[in-house]
Amino acid sequence: MSKNKDKKRCTSIGGQAVLEGVMMRGNTAMATAVRDEDGIIRLEAKRVTPITKKNKFFGFPIIRGIVSFFSSLVGGMSTMMRSAEVYGETEPSKFEKWMSEKLKINLMSVILGLSVILGVALAIALFIILPTFLTGLFLSQVEHPVWYTVVEGAFKILIFISYIALTSLLKDIRRTYMYHGAEHKTISCYESGMDLTVENVRKCTRVHDRCGTTFMFFVIAVSIIVFVAFNAIFPNLFANDGYTGKMLRVLIKLALLPLVAGLSYELLKALAKTDFWLVYPLKLPGLMLQHLTTREPDDSMIEVAITSFNKVLAMDDDPNEPECKFVTARKVNELTAELKQKFAQNNIDEADAEWIISIASGIKRSELSSDRSVSPKINETITSWAEQRLTGKPLAYIVGDVDFYGNKIYVDENVLIPRPETEELVEYACGYIDETSSVLDLCTGSGAIAVAVKKKTGASVCATDRGSRKKERGRKWR
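This structure is a prediction, so every number in the text was calculated from the model and none was measured. (Residues numbered from 1 in each chain as written. Predicted model: local features only at pLDDT ≥ 70, side-chain atom pairs only at ≥ 80, totals over all residues. Heavy atoms only, no water.)

### Looking at the overall build of the chain
Counting its regular elements, the chain contains 17 helices and ten strands. Per-residue burial over the chain gives 41% buried out of 478 residues. Taking as baseline every contact in the chain between residues at least 6 positions apart, the subset at least 24 positions apart corresponds to 65%. When the accessible surface of the chain is totalled, it reaches about 26,500 Å², and 59% of it is carbon and sulfur. (Helix = DSSP H or I, 4+ residues; strand = E, 2+ residues; numbered from the N terminus. Buried < 20%, exposed > 50% of the residue type's maximum accessible area, 1.4 Å probe, protein only. Contact = heavy atoms within 4.5 Å. Areas by Shrake-Rupley, 256 points an atom, 1.4 Å probe, with all protein chains shown as cover.)

### Thoughts on the pattern of salt bridges
A full pass over the atoms with the stated rule returns 23 salt bridges. The closest approach of N and O atoms between arginine 64 and glutamate 266, which form a salt bridge, is 2.7 Å. Of this pair, arginine 64 sits in helix α2 (residues 63-87) while glutamate 266 sits in helix α9 (residues 243-272), placing them 202 residues apart in sequence. Taking relative accessible area as the criterion, glutamate 266 reaches 17% and is therefore assigned buried. (Salt bridge = Lys/Arg side-chain N within 4 Å of Asp/Glu carboxyl O.)

### A closer look at unusual backbone geometry
What is expected of a backbone is that most residues other than glycine have negative phi and most peptide bonds are trans. With a phi close to 55°, glutamate 20 is a non-glycine residue in the positive phi region. With respect to the element layout, glutamate 20 can be found in the loop between β1 (14-18) and β2 (21-25). A relative accessible area of 11% means that glutamate 20 is categorised as buried. Positive phi values are uncommon outside glycine, yet isoleucine 62 reaches one of about 75°. Assignment of secondary structure puts isoleucine 62 in the loop between α1 (51-54) and α2.

### As for the packing of helix α12 (residues 332-345) against helix α14 (residues 376-390)
It is at 11 Å that the axes of α12 and α14 come closest, and there the two elements cross at 10°. Between α12 and α14, the crossing angle belongs to the class labelled roughly parallel. Residues Leu335, Leu339, Lys342 and Phe343 of α12 form the contact with α14, whose own contacting residues are Asn379, Ile382, Ala386, Arg389 and Leu390. The residue makeup of the contact of α12 with α14, split by class, is six nonpolar, one polar and two charged. (Axes fitted to C-alpha atoms, helices over the stretch in contact; angles between N-to-C directions. Parallel < 35°, antiparallel > 145°, perpendicular 65-115°, else oblique. Nonpolar A, V, L, I, M, F, W, Y, C, P; charged D, E, K, R; others polar.)

### A look at the nonpolar core
Counting 28 residues, the largest nonpolar core has Met24, Leu196 and Phe309 as its most contacted members. When contributions to this core are tallied by element, the ones reaching two or more residues are β2, β3 (29-35), α6 (171-191), α7 (198-202) and α11 (299-317). Here this core takes nine residues from α11, the largest share from any one element. Apart from the residues lying within four places of it in its own chain, the contact partners of leucine 196 are Thr186, Cys189, Tyr190, Val201, Ile306, Phe309 and Asn310. Counting 23 residues, the second-largest nonpolar core is a separate cluster that includes Phe217, Ile220, Tyr265 and Leu271. (Core = buried A, V, L, I, M, F, W, Y, C linked by side-chain atoms within 4.5 Å.)

### Examining the sheet that holds β2
The sheet built from four strands is open, its strands ordered β1-β2-β3-β4 with antiparallel pairing. In this open sheet, the two edge strands, each paired with only one partner strand, are β1 and β4 (41-47). Adjacent strand axes in the sheet meet at a mean angle of 15°, parallel and antiparallel pairs treated alike. With five bridges joining them, β1 and β2 adopt antiparallel strand pairing. Across the sheet, the residue bridging to glycine 14 is arginine 25, located in β2. Most of the contacts of α6 go to β1, to which it runs at about 160°, and overall it touches β1, β2 and β3. (Pairing = 2+ DSSP bridges.)

### Re a nonpolar patch on the surface
On the surface, Val146, Trp147 and Val150 cluster together into a nonpolar patch covering about 290 Å² of accessible area. When you line up the elements, valine 150 lands in helix α5 (residues 145-167). Residue class for valine 150 comes out partly exposed when judged on its relative accessible area of 38%. (Patch = residues over 30% accessible without salt bridge, like charges linked within 9 Å, V, L, I, M, F, W, Y side chains within 5 Å.)

### Comments concerning the packing of aromatic side chains
Any pair of aromatic rings gets described here by the distance separating the centres and the angle formed by the planes. Tallied over the entire structure, the rule returns ten aromatic pairs. Taking 6.0 Å as the distance between ring centres and 80° as the angle between the ring planes, the aromatic pair formed by phenylalanine 57 and phenylalanine 60 counts as edge-to-face. Exposure remark for phenylalanine 57: the relative accessible area of 44% places this residue in the partly exposed category. By the ring-pair criterion, three or more aromatic residues cluster together here, those being Phe57, Phe58 and Phe60. (Phe/Tyr/Trp six-rings, centres within 6.5 Å; stacked < 30°, edge-to-face > 60°.)

### A word on the environment of alanine 463
Looking at where alanine 463 falls in the secondary structure, it is placed in strand β10 (residues 460-464). Put simply, alanine 463 and isoleucine 449 are 14 residues apart on the chain and 9.0 Å apart in space, counted from C-alpha to C-alpha.

Below is the structure:
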């Protein structure tokens, strides 16, 4: 990173690693970039208004931290699921089909809701219930509530570190940690005043003051302090060290969790604004833990993070910067129905919609009513071809070739598209031509007639035309 303090830039842009991608969020926008299975970077960006700006109450200290904590939980899970739509499997499962057809339920929405619930339940089980009962095994008598709380906090930290270490053994999680590193390095590169290039980003640090890992550590540390204070105020509340006492401790911790989250958020923001050496020890544990939750990314991951960051930066700077949506996998029957309706509204033959989808996807026209899916790359091709057709451009020029007399002939705007009735002319002519004949095809255009006659009869065929001055002379025949 640059050592020149004058070149440093401040930004409120933060991010999150998602499945094979990175989400960045600024003051007015958020963008998610994902590299799909074809290696193409897909981008989705939209304008957002922070909930703290919709209501002044939500912008108050501590309250804003509580709101940010829970909105990040839901929003982060939603973004993760959205990235999975880009990179995930293109074929719907049988269960998803059944849910969609019979119950009219979007399975992805159900999974999102369940994921949030299970995520919260897992966090409560691991970081509230389990430490409480483990502490009870080691300290049977709650004679020193402060000591009890400190031991309990030590268990929380141990479980937190163990959880990170164990999940990092999974291949997909390791890659997510690499994208996490790419996110941090990209933000650090911008804040250091350097141009956002792969080479510059690669040189930057992968730890950052505003990381969620540091926030989670602060939540654990602050919860210890808050609960020690609570024990001091209500010293006799936990006199019962049995099952009832343990459950009471769990319930009170759940009730105090919003306060802990709010205080942790304020601590994170305050420490991120200063590099004063006296506060560095407070930052150190979180920065050290980030070495576990981030990994060095490869260049392709850095490219994804830069794409996401640049889009958010542009949207924050320019209110006219357009939003964009992912090109995702689509069910072929839904895509066909949508495209045919659009063509009909523009007085274009609906059969062209079927041909576009069939040619681009390799799926037979007779099978376009199925619920098979096409990949984002194929969907992008279909969309591009459809937009060209809506301008009036002939289908053959869009696709780039046409079938003529059993041959695939290359065509573009410089030649006439071979017509089906011309095949009748070839058939008629071949009745007078054999392998000993010499044939001259003047103004051959696409060369369709010459190729057909040559293959049909074996005659000696000379095809000629006058090429455009702006185009290379000659034709490419397939």
